[in-house]
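Letter by letter, the chains look like this.
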Amino acid sequence: GRAPEIIAVPGNAGIAELGRCISGDPDDVVAMASLAEEMAVDLTIVGPEAPLVAGIADEFRRRGLRVVGHGQAAAMLEGSKVFSKEFMSRHGIPTARFVVCDSADAAHQVV
């Protein structure tokens, strides 16, 4: 019975032409799930990877909210190159040779 509406957090000038922008931090998983509940959002589509890595889709599902987006464990494959490379190595998935360095000096020593 409601007219469809697009709501974006935080949004930008482009999406503002199509819907309503609400200020907020998409990485604040609990706040975003609470906002979706308060606004009775029918479906949430998560765009950037940072909220997915933070576990937003998992929190929405835990609360019974409809969401399009990978769970935190799957999102880590995109969100962390170190995680991805170690995962591929651990599971025998072909990937280029890699070294994990925690400083510029450590990286220079590898070369």
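This text follows the structure it describes.
Please read all numbers here as calculations on a predicted model, not as lab measurements. Position labels on residues start from 1 in each chain and follow its written sequence. In keeping with the predicted nature of the model, local features appear solely for residues at pLDDT of at least 70, side-chain atom pairs appear and are counted solely at 80 or more, and the whole-chain, interface and lining totals rest on all residues. Based on all heavy atoms of the structure, the side-chain values leave hydrogens and waters out of the count.

Caption draft 1: Seen up close, the nonpolar core. As used in this record, nonpolar core signifies buried Ala, Val, Leu, Ile, Met, Phe, Trp, Tyr and Cys residues forming a set joined through side-chain atoms within 4.5 Å. Three exposure classes are used, based on accessible area relative to the maximum for each residue type with a 1.4 Å probe and protein chains only: buried under 20%, partly exposed in between, and exposed over 50%. Counting residues in hydrophobic clusters, the biggest one holds 14 residues, and the most contacted among them are Met 32, Val 46, Leu 52, Ile 56, Phe 60, Leu 65 and Val 67. Elements with a minimum of two residues in this core: α2 (29–38) and α4 (56–62). Comment: elements are numbered from the N terminus, with helices defined as DSSP H or I runs of at least four residues and strands as E runs of at least two. Counting residues per element, this core draws most heavily on α2, which supplies five residues. Whether two residues are in contact is decided by their heavy atoms: any pair within 4.5 Å suffices. When sequence neighbours within four positions are dropped, the list of residues in contact with Leu 52 reads Val 46, Ala 57, Gly 69, His 70, Gly 71, Gln 72 and Ala 75.

Caption draft 2: How the structure looks around the pattern of salt bridges. For salt bridges, the criterion is a side-chain nitrogen of Lys or Arg within 4 Å of an Asp or Glu carboxyl oxygen. With the rule as written, the count across this model stands at five salt bridges. Linking Glu 37 and Arg 63 is a salt bridge whose minimum nitrogen-to-oxygen distance equals 2.8 Å. In this pair, Glu 37 sits in helix α2 while Arg 63 sits in the loop between α4 and β4 (67–68), placing the two residues 26 residues apart along the sequence. A relative accessible area of 23% means that Arg 63 is categorised as partly exposed. Measuring nitrogen to oxygen at the nearest pair gives 3.7 Å for the salt bridge that ties Glu 78 to Lys 81. When its relative accessible area of 47% is taken as the criterion, Glu 78 is described as partly exposed. Given the relative accessible area of 53%, Lys 81 is considered exposed. Three or more residues joined by partner-sharing salt bridges are found here, namely Glu 37, Glu 59, Arg 62 and Arg 63.

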